[in-house]
Amino acid sequence: MTAVDDRPATEIGSSRKRKEDQRLITGRTKWTDNIQLQGMLHLAMVRSPFAHAKITAIDTSAAAAAPGVSAVMTGEDVKDIQGSLPNAWPITADQKAPPHPSIAVDRVAFAGEIVAVVVARSARAARDAAELVDVDYDELPAALDLKESAEDTVLAHPDLGTNKSAFWQFDSADAGTGTAVDDAIATARDGGIVIEREYRQQRLIPAFMEPRSFVCDPTGEQITIWSSTQVPHFVRIFTAATLGIPESKVRVIAPDVGGGFGGKLQYTPEEVIVTLAARKTGKPVKYTETRSESLLSAHHGRDQWQRLTLAATKDGTVTGLKVDLLADMGAYLGLVTSGVPILGAFMFNAIYKFPAYQFNCTNVFTNKTWTDAYRGAGRPEATFAIERLMDELAAEVGVDPLEIREKNWIKHEEFPFTSVCGLEYDSGNYEAATARAKDLFDYDGLRREQQERRDRKDRVQLGIGVSTFTEMCGLAPSRVLGSLSYAAGGWEHAEVRMLPTGKVEVVTGASAHGQGHETAWSQIVADRLGIPFDDIEVLHGDTQVAPRGLDTYGSRSLVVGGQALVMAADRVIEKAKPIAAHMLEASVDDIEFSGGTFKVKGTDNGKAMAEVVWAAFTAHDLPEGTEPTLDAEATFDPSNFSFPHGTHLCATEVDTETGAVKIRSYVSVDDIGNIINPLIVEGQMHGGIVQGIAQALWEEAVYDDQGTLVSGSFVDYTLPTSADTISFVTDNTVSPATSNDLGAKGVGEAGCIASTPAVVNSIVDAVRPLGINDIQMPCTPERVWRAIQSAGSQQ
Ligand code: MCN
């Protein structure tokens, strides 16, 4: 127990250790795979080894006769039940989307697609029997290369007649938010600077720690689903819609969830199948994917080609940016597949204030695993492009990369600032974050060392990478989502329940899966209501307990869900005031609330919150007409996004003989407004920075010419370990957000948005004197070495 005197002066801002970690790290929690139910059956999937093929025959007889098998299901059995989301986000009215059966019916469109399902008494029996399912395929040509697929060379879905799902454009001249980009480019070609580049965002895999796992129990009045999901509320809605039953008959529980990073923001075929199998057998059914299945068939992320044209004056003032994007959807559209590039569309201008911008995006189907949200979703791609271009512009003008950025960024006194995309950046201070980062990094000292190494022609060169980023998060104002045709809103819900003993239950619609909400939400309520931190319990992730909510993604939970919580807590105070006034024999207008006590203004005469709660509970002596409960709820729909920003600096040593890259130091100074819990925030930054570094240096989902995922295990998909990383220096500056009472901005994605360009910029900076201005990600030693060799052979 924390002694009262040991309590921090305010909970908000204190580095409380996460209360959820006790059960997580001592194994005293239940993950979905730990759920055991009476008579439970287990499920195994038969997946296509081919990227594109006709299914000509399926023989399930041997599997059905195998020991312990209760049922075998094929696409024919479930073809009338569409559990998929082919048009959840129609970014255009004519968006094309193939039907996405939970189990393939007569054709498979990616290697890993489910073709049959075996339900058996044990997971082992199901897996053994699945091997007996005999499927005949006629292989079809597969659309694999993104650029070729955009030309319709081979069709991923022949019935669609094209691989193009949709074309989406934003043009600042048409939107009235700026001028025409082609004019800016034409002017720049005539006496200014035009930088044209093509960058590749390789395909990545979210690679969460806990593989996806689902349990469905159909035996009660309600269907109960346990799911390792980020979005229990969405799963409930889609399950009800798929089965044609009321939501009240579906309960979805997301117990502790071991990470998601956007990869569990989905309603998957696997979830549909578990539910259908449970309904068919009348028994609880569990499915937990293997790591290989997870890498193969849980959705992937990124995968874009970006063609960029930046226009500037001779002195390096940016005058326009044109972006032509090809985005790989993979074989199907999931919940936000089509919208991921659009989330990036509003961020290519980043912290800069150029007047002309055009974004052209073509979404393309291929015969690969479908893509969807992966930490940052759209914003890392945009940030990478503009931050790489700013370095190219600095090199062209012949000035330091920070100088070119400062020349173009929005100045502190210019906030609030409406960007060329029409977004209103409410607050920020790029000067302060950059100055602090330069200091912590010893920017000038490292630049000197770099020059010395260059002069000495050292084998190991030093590179300095800069990334001054911003992002829009806190998804999202519902009207904005509506204007982009997204199917859902962006509000969040919270409830504060005042228990008779003076303790508090908080119910939130956010669904944490590693972010530490139980701790941060307790800190917010503790301060707001003057209740001890340990007396607050946060309930979430169960649609029976928290029926209203829109879950966790897009770094939204604090700035949207936290604000709903503040509003609910304030309503508790407002409800309590007349009772306190009655108890204190004073007028309501004379009552003030602070530090957990209602006081008559200007006196010491007061009542503690706990006393008022008890009075409300017993209801023996309440003012006439008073409701005998102080519980309150609130729903908050934000009026704006939140715009965290920061300056990340990376120093890299590049061995010019082997291509080996070693990160020497990394400093991040982030402005995420007011901070609720600095320890959680530091953890979020560390995790995000490593994920971004991993994109720059190591991770890539690689397919062979047949469309087989080659990097299908952690041996080949090089997820970093702590041994691969260094200690970061992280710090913060504070420009409070104006869109919520906490003054907070989101942090969950910031690290991975900022770090990728910081690292790649540092590598290119190290080898630029050799005549290199780009290295494709991941910058493996081989790629770096090849770039050095080919630059050398051209000199
Ligand atoms: N926080 C804070 N002060 C701030 C901002 C945030 O104390 N000014 C705290 C919040 O209270 C919360 C945490 O930081 O405990 C993250 O808050 P927020 O930025 O609101 O992000 P969300 O809670 O909505 O989480 C989503 C975000 C996303 S989009 C991805 S992807 C991601 C991430 O969080 N996936 C994660 N972080 C992850 N962390 C873990 N462990 N696992 C994942 O899958």
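The shown structure was predicted, so the numbers you read here are calculated from the model rather than taken from an experiment. (Residues numbered from 1 in each chain as written. Predicted model: local features only at pLDDT ≥ 70, side-chain atom pairs only at ≥ 80, totals over all residues.)

Asker: Would you mind showing me how to read the packing of helix α18 (residues 557–584) against helix α19 (residues 609–618) here?
Answerer: Pairs of packed helices are described in terms of their axes, by the angle between the two and the distance that separates them. One way to put it is that α18 packs onto α19 with a least axis distance of 10 Å and a crossing angle of 95 degrees. One element, α18, and the other, α19, form an angle in the roughly perpendicular class. Where α18 abuts α19, its residues A576, I579, A580 and M583 lie against M609, V612, A615 and A616. Taken together, the residues of the contact of α18 with α19 sort by class into eight nonpolar, no polar and no charged. (Axes fitted to C-alpha atoms, helices over the stretch in contact; angles between N-to-C directions. Helix = DSSP H or I, 4+ residues; strand = E, 2+ residues; numbered from the N terminus. Parallel < 35°, antiparallel > 145°, perpendicular 65-115°, else oblique. Contact = placed C-beta atoms within 7 Å. Nonpolar A, V, L, I, M, F, W, Y, C, P; charged D, E, K, R; others polar.)

Asker: Help me out: how do you make sense of helix α8 (residues 232–243) in this one?
Answerer: Helical geometry note: an α-helix holds 3.6 residues per turn, so side chains three or four residues apart project in the same direction. Over its 12 residues, α8 extends 16 Å from the first C-alpha to the last, a length consistent with the 16 Å expected when each residue adds 1.5 Å. Those residues of α8 that fall on the buried side of the exposure criterion are P232, H233, F234, V235, R236, F238, T239 and T242. Buried-residue contacts for α8 involve β10 (223–227), β11 (250–253) and α9 (269–281). (Expected span 1.5 Å × (residues − 1). Buried ≥ 20, exposed ≤ 12 C-beta atoms within 10 Å, placed from the backbone.)

Asker: Got a minute to help me understand the packing of helix α20 (residues 678–697) against helix α21 (residues 750–767) in this structure?
Answerer: Running from N to C, α20 and α21 cross one another at 40 degrees; their axes reach a closest spacing of 7 Å. Taken together, the axis directions place α20 and α21 in an arrangement best described as oblique. Crossing handedness for the pair α20 and α21: right-handed. On the side of α20, the interface is formed by Q684, M685, G687, G688, I689, Q691, G692, I693, Q695, A696 and L697, while α21 contributes A750, G751, C752, I753, A754, S755, T756, V759 and V760. (Left-handed = near helix turned anticlockwise from the far one by under 90°.)

Asker: Just to check I follow, could you spell out the site of the ligand for this structure?
Answerer: Around the ligand there are 34 residues in total, and G514, A520, S557, I676 and G748 lie nearest to it. The set of elements that each furnish at least two residues to the shell around the ligand consists of α17 (517–529), α18 and α20. Broken down by element, the residue count for the shell around the ligand peaks at four residues, all from α20. The residue inventory of the shell around the ligand, partitioned by class, reads 12 nonpolar, 18 polar and four charged. When residues of the shell around the ligand are assigned to domains, at least three map to each of domain 1 (4–28 + 491–636) and domain 2 (429–471 + 643–795). (Near = placed C-beta within 6 Å. Domains from an automatic or database assignment.)

Asker: What should I look at first to understand the pairing of strand β27 (residues 661–671) in this one?
Answerer: Along any regular strand, the residues point their side chains to alternate faces of the sheet. Taken across its 11 residues, β27 has eight buried, putting it largely inside the fold. Where strand β26 (residues 645–655) and β27 come together, 10 bridges link them in antiparallel fashion. Its bridge partner lying in β27, T647 is registered against V669. The loop that links β26 with its antiparallel partner β27 comprises five residues; one of these, G659, has a positive phi angle of about 80 degrees. Bridge count between β27 and strand β28 (residues 729–732): four bridges; the pairing is parallel. Within β28, the position partnered with V667 by the bridge is V729. A crossover connection joins β27 to the parallel β28 through α20; in handedness this β-α-β unit is right-handed. (Pairing = 2+ DSSP bridges. Right-handed = clockwise from strand over helix to strand, strands pointing away.)

Asker: Is there a simple way to explain the sheet that holds strand β2 (residues 53–59) in this structure?
Answerer: The strands that make up a sheet pair up through hydrogen bonds in the backbone, lying either parallel or antiparallel. Pairing in this open sheet of three strands is antiparallel, and the strands run β4-β2-β6 from one edge to the other. Two strands bound the open sheet, and with one partner strand each, they are β4 (107–108) and β6 (134–139). With six bridges connecting them, β2 and β6 associate as antiparallel partners. By the bridge assignment for β6, A53 is matched with E139.

Asker: Where do I start with the environment of L423 in this structure?
Answerer: As for its placement among the helices and strands, L423 is situated in the loop between β16 (417–418) and β17 (424–425). Spatially, the C-alpha atom of L423 lies 9.0 Å from that of M472, the residues being 49 residues apart in sequence. Sequence-distant contacts of L423, defined by excluding residues within four places in its chain, comprise F346, M472 and F641.

Asker: What exactly am I supposed to notice about helix α15 (residues 443–456) here?
Answerer: The terminal C-alpha atoms of α15 lie 20 Å apart, and with 14 residues this matches the ideal 20 Å at 1.5 Å per residue to within 8%. Burial analysis of α15 places just one of its 14 residues in the buried class, which makes it a mostly uncovered element. Positive phi shows up at K457, right after α15, with a value of about 55 degrees.

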